[in-house]
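# An overview of the molecular structure
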Amino acid sequence: MFSGSIPALVTPFRDGAFDEPTFRRLVDWQIENGSSALVPCGTTGENSTLSNAEHHRVIEVCIEQAAGRVPVIAGCGSNDTQNALLHMTFSKKCGAAAALLVAPYYNRPSQEGLLAHFSYLAEHIDLPIVLYNVPARTVTDIKPETVIELARRFPGKIIGIKDASGDLSRVTDHRMGISKDFCQLSGDDELALPFSAAGGVGCISVTANVAPRLCADFQAACAAGNLAEARRLNDLLYPLHYAMFEDASPGPVKYALSKVFEGFREELRLPLVACNEGARKAVDAALVHAGLVK
């Protein structure tokens, strides 16, 4: 259902508020440069510091601005099952193609709790679900057997996963245990090349915020089986993938965007602050290496 380069969009702010005009321009720029879908209100979108009203407005604006040109996978995750359902209900009403649902964070549910959480959501609303496994942030790991069981219980509803576990063996685990239609998307830019070789079909990407065309071309080369071109593009992007996390994300991403996207402000919400000088130097060097600035 989804493939290619899918940016996990930042949420621009201006004087503490959602900067809607800049976000609309960012959506257009992403689509014009080959992004195949969009994810608003994910981790990179600072969803944890958005009020529910802001969260819903960001999703609504993204869908409005995309205007059917690419699908929108709305970030709907929460550690409160009922709040996740609220986000999903709103996203479906607005026309989202799917919901991205992170494993509940902080309260650390068991695998049985994860099954109950995702099953409840799948049973209570007709919106396709892309699971999001990022144990470095949530502590909880959605184990392959849990993913496989969810896909078995809800075929056509639990349709894929954004995997940021860092464990490339998961791709084969999922592929062997679930039908070939299950959509596997990397959640780690630096692992996107081997993830694709193992059976992945795309990446929900941080770097694509900054380098949408390069990321789209890289994913196209992977899909075409053009390993030489995929390696060449991966080499261009590789330092940028790491620079995006030289300080707390999305600080470096927003700094990079201020360099390549006219009128973009670095502003973040507390407890996040502007990235440190070391991260800025890493980003600057990576942008030059990728040919994005001179």
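Residues numbered from 1 in each chain as written. Predicted model: local features only at pLDDT ≥ 70, side-chain atom pairs only at ≥ 80, totals over all residues. Heavy atoms only, no water.

## Observations concerning the packing of aromatic side chains
All chains considered together, the criterion is met by three aromatic pairs. A centroid spacing of 5.4 Å and a plane angle of 65° characterise the contact between Phe-18 and Phe-23, whose relative ring orientation is edge-to-face. Here Phe-18 and Phe-23 have matching classes, each one buried. Seen in terms of ring centroids, Trp-29 and Phe-261 are 5.1 Å apart; in terms of plane orientation they differ by 45°. Their pairing is tilted. Taken together, the positions of Trp-29 in helix 1 (residues 20-32) and Phe-261 in the loop between helix 11 (251-260) and helix 12 (277-289) put the pair 232 residues apart, joining distant regions of the chain. Assessed through its relative accessible area of 6%, Phe-261 is described here as buried. Between the NZ or CZ atom of Lys-162 and the centre of the ring of Tyr-132, over which it lies, the distance is 4.1 Å. (Phe/Tyr/Trp six-rings, centres within 6.5 Å; stacked < 30°, edge-to-face > 60°. Buried < 20%, exposed > 50% of the residue type's maximum accessible area, 1.4 Å probe, protein only. Helix = DSSP H or I, 4+ residues; strand = E, 2+ residues; numbered from the N terminus. Lys NZ or Arg CZ within 6 Å of the ring centre and 35° of its normal.)

## Observations concerning the pattern of salt bridges
Throughout the structure, instances matching the rule amount to 19 salt bridges. Close ionic contact of Glu-46 with Lys-254 constitutes a salt bridge, the shortest N to O distance being 2.7 Å. Note that Glu-46 is positioned in the loop between helix 1 and helix 2 (52-66) and Lys-254 in helix 11, a separation of 208 residues in sequence. The burial state of Glu-46 is the same as that of Lys-254; both residues are buried. Each of the salt bridges in this network shares a partner with another, and the network as a whole consists of Glu-20, Arg-24, Arg-57, Glu-60 and Glu-64. (Salt bridge = Lys/Arg side-chain N within 4 Å of Asp/Glu carboxyl O.)

## Side note on helix 10 (residues 227-243)
For helix 10, spanning 17 residues, the distance from its first C-alpha to its last is 24 Å, which sits close to the expected 24 Å at 1.5 Å a residue. At Leu-237, helix 10 shows its maximal bend, which comes to roughly 40°, and the proline Pro-239 appears one to four places after that position. Three or more residues of helix 10 are buried, namely Ala-230, Leu-233, Asn-234, Leu-237, Leu-240, His-241 and Ala-243. Those residues of helix 10 that are buried are in contact with helix 8 (192-198), helix 9 (212-224), helix 11 and helix 12. (Expected span 1.5 Å × (residues − 1). Bend = angle between axes of the 7 residues up to and from the residue. Contact = heavy atoms within 4.5 Å.)

## As for the side chain of Lys-162
By secondary structure assignment, the location of Lys-162 is in strand 7 (residues 158-163). The buried charged residue Lys-162 lacks any salt bridge partner; its closest oppositely charged side chain belongs to Asp-188, at an N-O distance of 7.9 Å. Contact partners of Lys-162, with chain neighbours within four places excluded, come to Leu-100, Val-130, Leu-131, Tyr-132, Asn-133, Leu-185, Ser-186, Gly-187 and Ile-204. (Lys, Arg positive; Asp, Glu negative; His and termini not counted.)

## Some points on the sheet that holds strand 4 (residues 73-75)
Spatially, seven strands are ordered 1-9-8-7-6-5-4 in an open sheet, and the strand pairing comes out parallel. Whereas interior strands pair on both sides, the edge strands pair on one side only; in this sheet they are strand 1 (4-7) and strand 4. Sheet twist, expressed as the average angle between the axes of neighbouring strands with direction ignored, equals 30°. Here strand 6 (residues 129-133) runs beside strand 7; their pairing, made up of five bridges, is parallel. When the bridges of strand 7 are listed, Tyr-132 appears paired with Lys-162. (Pairing = 2+ DSSP bridges. Axes fitted to C-alpha atoms, helices over the stretch in contact; angles between N-to-C directions.)

## Some points on the packing of helix 10 against helix 12
The axes of two packed helices give the description: the angle between them and the distance between them. Here helix 10 crosses helix 12 at 165°, and the two axes come no closer than 8 Å. On the basis of the axis angle, helix 10 is roughly antiparallel to helix 12. Considering only the axes of helix 10 and helix 12, their crossing is left-handed. On helix 12, the residues touching Asp-235, Leu-236, Pro-239, Leu-240 and Ala-243 of helix 10 are Ala-282, Val-283, Ala-286, Leu-287 and His-289. (Parallel < 35°, antiparallel > 145°, perpendicular 65-115°, else oblique. Left-handed = near helix turned anticlockwise from the far one by under 90°.)

## So, the environment of Gly-75
On the secondary structure map, Gly-75 appears in strand 4. When its relative accessible area of 2% is taken as the criterion, Gly-75 is described as buried. In the structure, Gly-75 is positioned 45 residues away from Gln-30 in sequence and 17 Å away in space, judged by C-alpha atoms. Non-local contacts of Gly-75, meaning those with residues more than four positions away in its chain, are made with Pro-40, Cys-41, His-55, Ile-59 and Leu-100.

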